[in-house]
Amino acid sequence: MTALTLSTAAVPGLRADAIVIGVAKGTASKPAGPVVAPGAEAVDQAYDGGLAGVLETLGASGAEGEVTKLPAPAGFKAPLVVAVGLGAQPGKDAGYDTEVLRRAAGVAARTLAGVKKAAFALPLTDAAADAGAVAEGVLLGAYTFDAYKDRGKNGKAPLAEAALLGGKPRDKAFKAALERAVAVAEELNRARDLINTPPNDLNPEAFAAVAQVAAKEHGVKVQVLDEKALVKGGYGGILGVGAGSAAGPRLVKLSYTSSKAKKHLALVGKGITYDSGGISLKPAGHNETMKCDMSGAAAVFAAVVAAARLGLQVNVTGWLALAENMPSGSATRPGDVLRMYSGKTVEVLNTDAEGRLVLADALWAASQEKPDAIVDVATLTGAMVLALGDRTFGIMANDDAFRSAVHEAAEEVGEPAWQMPLPEHLRKGMDSPTADIANMGERMGGGLVAGLFLREFVGEGITWAHLDIAGPAFNEGAPFGYTPKGGTGSAVRTLVRLAELAASGDLA
Ligand code: BES
Ligand code: ZN
Ligand code: ZN
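Rules behind the numbers
- Residues numbered from 1 in each chain as written.
- Chains lettered and ligands numbered in written order.
- Predicted model: local features only at pLDDT ≥ 70, side-chain atom pairs only at ≥ 80, totals over all residues.
- Heavy atoms only, no water.
- Donors = N, O, S within 2.8 Å, 3.2 Å for Na, K, Ca; no water.
- Tetrahedral: all angles 85-135°; square planar, octahedral: opposite > 155°, others 65-115°.
- Phe/Tyr/Trp six-rings, centres within 6.5 Å; stacked < 30°, edge-to-face > 60°.
- Buried < 20%, exposed > 50% of the residue type's maximum accessible area, 1.4 Å probe, protein only.
- Helix = DSSP H or I, 4+ residues; strand = E, 2+ residues; numbered from the N terminus.
- Lys NZ or Arg CZ within 6 Å of the ring centre and 35° of its normal.
- Near = heavy atom within 4 Å.
- Polar contact = N/O pair within 3.5 Å; in protein donor to acceptor, adjacent residues only side chain to side chain.
- Nonpolar A, V, L, I, M, F, W, Y, C, P; charged D, E, K, R; others polar.
- Pairing = 2+ DSSP bridges.
- Right-handed = clockwise from strand over helix to strand, strands pointing away.
- Axes fitted to C-alpha atoms, helices over the stretch in contact; angles between N-to-C directions.
- Contact = heavy atoms within 4.5 Å.
- Expected span 1.5 Å × (residues − 1).

Can you break down the coordination of the zinc ion (ligand 3) residue by residue, with the values?
The protein atoms that coordinate the zinc ion (ligand 3) are Lys 270 (NZ), Asp 275 (OD), Asp 293 (OD) and Glu 354 (OE), at distances spanning 2.0 to 2.4 Å. Of note is the zinc ion (ligand 3), whose 6 donor atoms meet at the metal with angles of 78 to 172 degrees in an arrangement that counts as octahedral. All donors of the zinc ion (ligand 3) belong to a single chain; written as a sequence motif, their spacing is K-x4-D-x17-D-x60-E. The distance between the zinc ion (ligand 3) and the zinc ion (ligand 2) is 3.2 Å, with Asp 275 acting as a donor to both metals.

Any chance you could break down the packing of aromatic side chains for me, citing the residues and the numbers?
The full count for this structure, using the stated rule, is 4 aromatic pairs. Judged by centre distance (6.0 Å) and plane angle (40 degrees), the ring pair of Phe 145 and Tyr 148 falls under tilted. Overall, Phe 145 belongs to the partly exposed group, its relative accessible area being 26%. With 4.0 Å between their ring centres and 10 degrees between their planes, Tyr 235 and Tyr 341 make a pair best called stacked. Note that Tyr 235 is positioned in the loop between α8 (227-233) and α9 (236-242) and Tyr 341 in the loop between β12 (337-339) and β13 (345-347), a separation of 106 residues in sequence. For Tyr 235, a relative accessible area of 6% gives the class buried. According to the relative accessible area criterion, Tyr 341 is partly exposed, its value standing at 26%. Over the ring of Tyr 143 we find Arg 192, and its NZ or CZ is 5.2 Å from the ring centre. In this structure, Arg 391 is placed above the aromatic ring of Phe 480, and the distance from its NZ or CZ to the ring centre is 3.4 Å.

An account of the site of ligand 1 is needed here, citing residue identities and associated values.
Lys 282, Asp 293, Asp 352, Glu 354 and Gly 382 are the nearest of the 16 residues found near ligand 1. Separating an oxygen atom of ligand 1 from a side-chain N or O atom of Glu 354 is a distance of 2.9 Å. One of the backbone N or O atoms of Thr 379 is found 3.5 Å from a nitrogen atom in ligand 1. A breakdown of the residues in the shell around ligand 1 according to their chemical character gives 5 nonpolar, 4 polar and 7 charged.

Which residues make up the coordination of the zinc ion (ligand 2), and what values go with them?
Protein coordination at the zinc ion (ligand 2): the donors are Asp 275 (OD), Asp 352 (O), Asp 352 (OD) and Glu 354 (OE), at 2.0 to 2.2 Å from the metal. Its 6 donor atoms give the zinc ion (ligand 2) angles of 70 to 169 degrees at the centre, a pattern that matches the irregular case. The sequence motif formed by the donor residues of the zinc ion (ligand 2) is D-x76-D-x1-E. Asp 352 sits in the partly exposed class, given a relative accessible area of 23%.

Summarise the sheet that holds β13; cite the residues concerned and give the values.
An order of β12-β13-β17 is seen for the 3 strands of this open sheet, with the pairing classed as mixed. The open sheet has two free edges, formed respectively by β12 and β17 (437-438), since each of these has just one partner strand.

Go over the pairing of strand β10 (residues 264-275) with me, naming the residues and quoting the values.
Consecutive residues of a regular strand have side chains that alternate between opposite faces of the sheet. Counted residue by residue, β10 has 12 buried out of 12 residues, so it is predominantly covered. As paired elements, β10 and strand β11 (residues 315-325) share 11 bridges and run parallel to each other. Bridge pairing links Ile 272 to Ala 323 in β11. Of the crossover connections in this fold, the one passing from β10 over helix α10 (residues 295-310) to the parallel β11 is right-handed.

Lay out the sheet that holds β10 with the relevant residues and their values.
Pairing within the open sheet is mixed, and its 8 strands lie in the order β8-β9-β11-β10-β14-β18-β15-β16. Bordering the open sheet on either side are β8 (221-225) and β16 (417-419), each of which pairs with just one other strand. Here the strands of the sheet are splayed against their neighbours by 20 degrees on average, with no regard to which way each runs. One ladder, built from 4 bridges, connects strand β15 (residues 393-397) with strand β18 (residues 463-468); its direction is antiparallel. Bridged to Ile 395 within β18 is Leu 467. Running at roughly 145 degrees to β18, helix α14 (residues 446-455) makes contact with β14 (373-378), β15 and β18 of the sheet.

Could you give an account of unusual backbone geometry, with specific residues and numbers?
Here Lys 370, not a glycine, exhibits a phi torsion of approximately 50 degrees, which is positive. Mapped onto the secondary structure, Lys 370 falls in the loop between α11 (355-367) and β14. A positive phi angle, near 80 degrees, is found at Ala 491, a position not held by glycine. Mapped onto the elements, Ala 491 comes out in the loop between β20 (486-487) and α15 (492-503). Looking at Ala 491, the relative accessible area reads 0%, which means it is buried.

So what about α15? Which residues, and what values?
For α15, spanning 12 residues, the distance from its first C-alpha to its last is 17 Å, which sits close to the expected 16 Å at 1.5 Å a residue. Most of α15 is tucked away, with 10 of its 12 residues classed as buried. Regarding α15, the residues found buried are Val 492, Arg 493, Thr 494, Leu 495, Val 496, Leu 498, Ala 499, Glu 500, Leu 501 and Ala 502. Phi for Gly 505, located one or two positions after α15, is positive at around 75 degrees.

Given below as structure tokens:
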């Protein structure tokens, strides 16, 4: 990953391959053209105060996502200036939004692939918090997944080194913000790697092995239930989904404990390493990206390890419900009835609604420890993608205040999310003539139906939220901000924020 430093060096004498500055949109009245953002004063001075004019000549408007490259002024040690758009200027006395800075830093870092060292001279008005956002943006934006490519032929190495200017290297708050950014971004990028790894190389057993190694490295306890243990324990949901695959399912429990913890947060992740649909096979055109169906488990894994690395004063337990959903002679059939870990029976009407089956067992397992709250994360329904598009995840919960708190946490870290209801009348659509419940209900509101199904497997009295990340988990389009193509690491930062809030007693 890109190496980060805080630097107090003066821009002209700085040894780097590029200097990144911010450029904002002008106002209609004065001036109409782009405006150079704070942090770039030295660069502007070297252009005799005419940098905004030069940028305008080059076509810059200051719009978010825009990149303008220009040769550095005479006398500068760095040869290149990269001006990145920040959008509208903030109001009087206000700083740029941290998410604007995070995205701009991400865009710049991605643009600078192949470059060794860049200095970031972006406006850090809110000091440490802004430096943390820029650091996160750089580390997330520089990410590439090229494990399966010959880099010599196919692309450039990610930006190797980033120096953040305008920070105070010896200031405690700055150091802490940077350390947090590094821990969160490293684990988030690890989640992206897992999501992007092809399903022939990442089956449940392989995922569990990766989790075991990484978690141990950071003092997280790991327990893996293999097929035999799942049979013994009666995990009918996870076993039923994994029954068609040559690679057996796993339930991984990750425990991070703090001696100073007052709260216990449980995180549950859907970990379908490949979702073919099973006997209710997905048609071509709907299965090419289904290696991403373990994004929830990847997010939970990343968040637990990040919480451990940050030494948060809270107990966090992660449950990864891992299975491969395949059709075969041993696969679960539509019409089969599964006896779940909770003891309830489920009539499987559609084997492609498999996520709720593995999650049901993991939610019930998590509930047995009576945590203060459970949050599950899953690429659960196409319906949620239809409802919210491909950048926003849906939040459902059995508690209005908790749902709002999760939404606020998501907004704080810059993850677009929206609150969705669990309408009671949709429950009866899952009534089954044969079993306690069916795994499918009404088609309309399919994302909410899935949420209602999960609710049945949360222990009595436990506060619970469900994040359906089917839209934002995997970016099939062009990269934007600090979000690459492919696995995005959606929900990791929201989960880490929730763990921080639980640690400070501000959650549940
Ligand atoms: N993994 C899919 C949901 C999904 C869709 C994730 C698109 C990412 C992008 C899930 O297992 C699924 O197939 N759900 C079905 C449920 C239906 C059969 C009730 C769906 O949404 O169509
Ligand atoms: Zn499915
Ligand atoms: Zn699925």
